[in-house]
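Each chain is listed here by its residues.
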Amino acid sequence: MNIETKKLIEDWNFIRGNTIAFIESLSDEQLQSTFPRPGLNSFFKHFQEMCDVQEAYLDACEIGNMSFEKVKGNDEYSNDIVREDILKRIKVQDKRVETLLCEKSDVGIVWDGNDTKTISAQIRNLCMHEALHIGQLIAFSYVLGIKIPESVIEDWALS
């Protein structure tokens, strides 16, 4: 495994650790808390959308063509899910990330018929997508008075 792949896996594990910290530290009631925004207005809904996007990106790495057919509209997610189901989906995606980076790093993924991205680019985009969600979850935690996990506070130098 080359140094770039190793570092990308480390980046993925870092950002993923923030997501898992939120999932594991919040109560079931907090995971269903309503945020002051349309669509993805709870922690659970954010985590489901994140998993769906990850699945779409990683499926594209395996089949060579990007499609968002499996990703629901923001208003289509619900709180009818349990923490363990989200954690199982995350574990599956994490294994896929490492396998794809280690075994298929030179595969190209076609976007919009004419743009091709690498698997590394796909994973970097997923890191950015997850970081965006982490930022939103931090902001909504402040707004709702929900305690942010200590590891997230440390990782992002929050006061």
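Preceding this section is the structure that the text describes.
Residues numbered from 1 in each chain as written. Predicted model: local features only at pLDDT ≥ 70, side-chain atom pairs only at ≥ 80, totals over all residues. Heavy atoms only, no water.

1. Notes on the nonpolar core
(1) Moving on: In terms of nonpolar packing, the biggest core is built from 41 residues, with Phe22, Phe43, Phe47 and Ile123 touching the most fellow members.
(2) Moving on: Counting only elements with at least two residues in this core, the list comes to α1 (3-25), α3 (43-63), α4 (83-103), β1 (108-111) and α5 (119-144).
(3) Moving on: No other element matches α3, which puts 11 residues into this core.
(4) Moving on: Setting aside its immediate chain neighbours within four residues, Ile123 contacts Leu8, Trp12, Leu58, Val97 and Leu101. (Core = buried A, V, L, I, M, F, W, Y, C linked by side-chain atoms within 4.5 Å. Buried < 20%, exposed > 50% of the residue type's maximum accessible area, 1.4 Å probe, protein only. Helix = DSSP H or I, 4+ residues; strand = E, 2+ residues; numbered from the N terminus. Contact = heavy atoms within 4.5 Å.)

2. Focus: α1
(1) Moving on: For α1, spanning 23 residues, the distance from its first C-alpha to its last is 33 Å, which sits close to the expected 33 Å at 1.5 Å a residue.
(2) Moving on: Listed in full, the buried residues belonging to α1 are Thr5, Leu8, Ile9, Trp12, Ile15, Arg16, Asn18, Thr19, Ala21, Phe22 and Ile23. (Expected span 1.5 Å × (residues − 1).)

3. Re the packing of aromatic side chains
Describing an aromatic ring pair means giving the distance of the ring centres and the angle of the ring planes.
(1) Moving on: Enumeration according to the criterion identifies 8 aromatic pairs in this entry.
(2) Moving on: Arranged with centres 5.8 Å apart and planes meeting at 50°, the rings of Phe14 and Trp156 form a pair that is tilted. With a gap of 142 residues between them, Phe14 in helix α1 and Trp156 in the segment after α6 (150-155) connect regions that are remote in the sequence.
(3) Moving on: You can call Trp156 partly exposed: its relative accessible area is 36%.
(4) Moving on: Ring geometry for Tyr57 against Trp111: centres 5.6 Å apart, planes inclined by 70°, an arrangement best described as edge-to-face. (Phe/Tyr/Trp six-rings, centres within 6.5 Å; stacked < 30°, edge-to-face > 60°.)

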